[in-house]
Amino acid sequence: MGPGEYTPDPTEGITRVENLPTPLLEHRSRKHRRRPCPRCGRSCPRHSLGSRTLHAVGSLRRDRPRQRRVAYPKHRCRPCGLLFSAALSDLAPPGSHYTRRVISLAVRLVAEDGLPYRAASWHLWRDHRVFVPFATIQNWVKAAGVEGEPARRLRPATWTGP
Ligand SMILES: [Zn+2]
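An account of the accompanying structure is given in this report. Only a predicted model underlies this, so the values are computations on that prediction, with no experimental measurement involved. Note on numbering: residues in each chain are counted from 1, in written sequence order. Only residues with pLDDT of 70 or above have their local features reported here, since the model is predicted, and side-chain atom pairs are shown and tallied only from 80 upward, although totals for entire chains, interfaces and linings are computed over all residues. Side-chain measures were taken over the full set of non-hydrogen atoms in the model, leaving aside hydrogen atoms and water.

Our focus in this paragraph is the overall build of the protein chain. Think of it this way: any DSSP run of H or I at least four residues long counts as a helix, any run of E at least two long counts as a strand, and we number them from the N terminus. Looking only at helices and strands, one finds four helices and five strands in the protein chain. Considering the protein chain as a whole, with its 162 residues, one finds that 35% of them fall into the buried category. By the convention used here, residues are in contact when the closest approach between their heavy atoms is within 4.5 Å. Taking contacts inside the protein chain between residues at least 6 apart in sequence as the whole, the part at least 24 apart equals 62%. For the protein chain, the computed accessible surface area is about 10500 Å², with 50% contributed by carbon and sulfur atoms. Working definition: with a 1.4 Å probe on protein chains only, accessible area under 20% of the residue-type maximum means buried, over 50% means exposed, and in between means partly exposed. Methods summary: accessible areas were calculated by the Shrake-Rupley approach with a probe of 1.4 Å, and residue burial reflects only the protein chains presented.

With respect to the helices, strands and loops of the structure, Arg68 is situated in strand S4 (residues 64-77). Definition of a polar contact: a pair of N or O atoms within 3.5 Å, with one able to donate and the other able to accept a hydrogen when the atoms are protein atoms, and with sequence-neighbouring residues admitted only if both atoms are side-chain atoms. Of the polar contacts made by the side chain of Arg68, one reaches the side chain of Glu26; its length is 3.0 Å.

Here a donor is an N, O or S atom found within 2.8 Å of the metal, or within 3.2 Å if the metal is Na, K or Ca; sites may look incomplete because water is not among the atoms. Binding of the zinc ion to the protein goes through Cys37 (SG), Cys40 (SG), Cys77 (SG) and Cys80 (SG), at separations of 2.3 to 2.4 Å. Metal sites are grouped by the angles between bound donors: all angles between 85 and 135 degrees with four donors is tetrahedral, opposite donors over 155 degrees apart with the others between 65 and 115 is square planar for four donors and octahedral for six, and any other pattern is irregular. Taken together, the four donor atoms surrounding the zinc ion define angles of 106 to 116° at the centre, an arrangement classified as tetrahedral. Positions of the donor residues of the zinc ion along the chain correspond to the pattern C-x2-C-x36-C-x2-C. Of this pair, Cys40 sits in the loop between strand S2 (34-36) and strand S3 (43-59) while Cys80 sits in the loop between S4 and strand S5 (82-85), and the two are 40 residues apart along the sequence. With relative accessibility at 38%, the residue Cys40 sits in the partly exposed group.

Only buried residues count toward a nonpolar core. Its members are Ala, Val, Leu, Ile, Met, Phe, Trp, Tyr and Cys residues joined through side-chain atoms within 4.5 Å. The biggest cluster of nonpolar side chains holds 17 residues, and the ones touching the most others in it are Tyr98, Val102, Leu124, Val132, Ile137 and Trp140. Secondary structure elements with two or more residues in this core: helix H1 (100-111), helix H2 (117-128) and helix H3 (134-144). With seven residues, H1 is the largest single contributor of residues to this core. In this structure, Val132 is in contact with Tyr98, Val102, Ser121, Leu124, Ile137 and Trp140, ignoring residues within four places of it in sequence. By size, the runner-up hydrophobic cluster in this structure holds six residues, among which are Leu54, Tyr72, Leu91 and Ala92.

Next up on the list: H1. Every helix has an expected span of 1.5 Å times one less than the residues it contains. With twelve residues, H1 should cover 16 Å at 1.5 Å per step; its first-to-last C-alpha distance of 16 Å lies within 8% of that length. Listed in full, the buried residues belonging to H1 are Val102, Ile103, Leu105, Ala106, Val107, Leu109 and Val110.

Along S5, the buried face is formed by Leu82 and Phe84; none of Leu83 and Ser85, which line the opposite face, is buried. Relative to S5, S4 is paired through four bridges, and the arrangement is antiparallel. Its bridge partner lying in S5, Cys77 is registered against Leu82. Between any two strands, pairing holds if DSSP finds at least two bridges. Linking two consecutive strands that pair antiparallel, namely S4 and S5, is a turn of four residues; a positive phi of about 65° is found at Gly81 within it.

So this is what it looks like as structure tokens:
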């Protein structure tokens, strides 16, 4: 194949997670030996380990998405009968399957670059090798409190140019 020839991206048009290349797995662990109880403030030892799997920004060079599995300690306060753990909120919002970095990239594509949700989803895959369904991006944009449906917002209704 000569230089400058168009090479189709083999992942172009992927809409199903099952069809994606297998992710690179990264393991991280957080080891806080003791942690204060959020109710009584008593310093509590580690009780068990929890784990969370997050979709992170992938590797363009290796053409693979990336999953980060984070092990974190759970602590138990015996007097309070409370089981608690570090929130990992610096890494990802509670309940989220994606890292904060992915979320902020997605929101920026929509809010600042004005991409429609589907285009933002494709862009995230193409440039960052992270697959995010466009409906998920839509939820993030709403949660971020920025305006949605940028295609309609930015382009006049009569726009017909290329
Ligand atoms: Zn306590």
